[in-house]
Amino acid sequence: MNMKLEVVIVPVSDVDRAKAFYEKAGFRLDIDHAADENFRALQFTPPRSGASIIFGKGVTSARPGAAEVVLAVDNVDAARDELIGRGVNVSEVFHYAGGPFNNSTENVRVAGRDPEGRSYFSFASFADPDGNRWLLQEIPARLPGREWK
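Here the residue numbers are simple positions, counted from 1 along each chain's written sequence. Only residues with pLDDT of 70 or above have their local features reported here, since the model is predicted, and side-chain atom pairs are shown and tallied only from 80 upward, although totals for entire chains, interfaces and linings are computed over all residues. Hydrogen atoms and water are omitted, and side-chain values are computed over all heavy atoms in the structure.

## Considerations on the environment of Val-76
Thought 1: With respect to the helices and strands, Val-76 occurs in helix α2 (residues 76-85).
Thought 2: Of the residues examined, Val-76 reaches a relative accessible area of 0% and is grouped as buried.
Thought 3: Discounting chain neighbours no more than four positions away, the residues touching Val-76 are Val-93, Arg-113, Ser-122, Phe-123, Ala-124, Leu-136 and Glu-138. Secondary structure elements follow DSSP: runs of H or I no shorter than four residues count as helices, runs of E no shorter than two count as strands, and numbering proceeds from the N terminus. Remark: exposure states derive from per-residue accessible area (1.4 Å probe, protein chains only) relative to the maximum for the residue type, with buried under 20%, exposed over 50%, and partly exposed in between. Throughout, a residue-residue contact means that at least one pair of heavy atoms, one from each residue, lies within 4.5 Å.

Structure below.
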């Protein structure tokens with residue numbers, strides 16, 4: 001069976017403000033379609049991604065700002081610098097105290113890259129105007145067995 005993650009729905013409160021943000025962040029606009037005054041859907045694709053995001057009016061009943069999305073990057077510092085150069089407010093690089101995505105500890109984020117320089121362990125974060133959260137996860141080399149044959 002072949003399955004590919006194609007689209008993640010990102011709930012927003014102001015479609016035009018979100019459109020401007022994702023354009024500024026360097027995402028590619030794939031479609032901006034309005035059926036009537038109650039429905040408008042936009043699809044954006046992050047640079048060189050196989051998956052996209054969709055947001056708009058009448059697209060989802062989820063609360064704006066509820067999305068949490070991860071972008072895999074080869075180099076978290078370079079990705080962070082590019083987004084900052086585009087006017088996006090991006091956190092400093094960090095790693096998780098208890099390992100990737102471990103939010104169970106009191107001081108979850110530790111400043112700086114993963115001390116061992118491991119793939120999957122260094123991050124930076126940003127949010128869109130609605131508070132949808134994005135993580136940049138550095139993955140310069142995939143762990144063995146992480147590619148489909």
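## Concerning unusual backbone geometry
Thought 1: In this model, Arg-48 sits at a positive phi of 60°, which is unusual for a non-glycine residue.
Thought 2: Its location among the elements puts Arg-48 in the loop between β3 (39-45) and β4 (52-57).

## A look at the pattern of salt bridges
Thought 1: The salt bridge criterion pairs a side-chain nitrogen of Lys or Arg with a carboxyl oxygen of Asp or Glu, the two atoms within 4 Å. For the structure on display, the rule yields 13 salt bridges.
Thought 2: Glu-68 is the salt-bridge partner of Arg-133, the closest N and O atoms lying 2.7 Å from each other. Residue Arg-133 is found in strand β9 (residues 133-138), and its partner Glu-68 is found in strand β5 (residues 68-73); the two are separated by 65 residues along the sequence.
Thought 3: Overall, Glu-68 belongs to the exposed group, its relative accessible area being 61%.
Thought 4: Put simply, Arg-118 and Glu-116 hold a salt bridge, and the shortest N to O gap is 3.8 Å.
Thought 5: Several salt bridges converge on common partners, so that one network encompasses Asp-16, Lys-19, Asp-32 and Arg-40.

## Overview of the packing of aromatic side chains
Thought 1: Working definition: rings of Phe, Tyr and Trp (its six-membered ring) pair if their centres are within 6.5 Å, and the pair is stacked with planes under 30 degrees apart, edge-to-face with planes over 60 apart, and tilted otherwise. For the coordinates displayed, the defined rule picks out 14 aromatic pairs.
Thought 2: Relative to Phe-44, the ring of Tyr-22 lies with its centre 6.2 Å away and its plane at 45°, an arrangement referred to as tilted. Of this pair, Tyr-22 sits in helix α1 (residues 15-24) while Phe-44 sits in strand β3, placing them 22 residues apart in sequence. In this pair, the class of Tyr-22 matches that of Phe-44, namely buried.
Thought 3: Taking the centre distance of 5.9 Å and the plane angle of 5° together, the rings of Phe-126 and Trp-134 count as stacked.
Thought 4: According to the relative accessible area criterion, Phe-126 is buried, its value standing at 5%.
Thought 5: Overall, the relative accessible area of 1% leaves Trp-134 in the buried class.
Thought 6: Both a distance and an angle decide whether a charge sits over a ring: NZ of Lys or CZ of Arg must be within 6 Å of the ring centre and within 35 degrees of the ring normal. The residue whose ring lies beneath Arg-118 is Phe-121, and the NZ or CZ to ring-centre distance is 3.7 Å.

Purely geometric stuff here, so don't read any function into it on its own.
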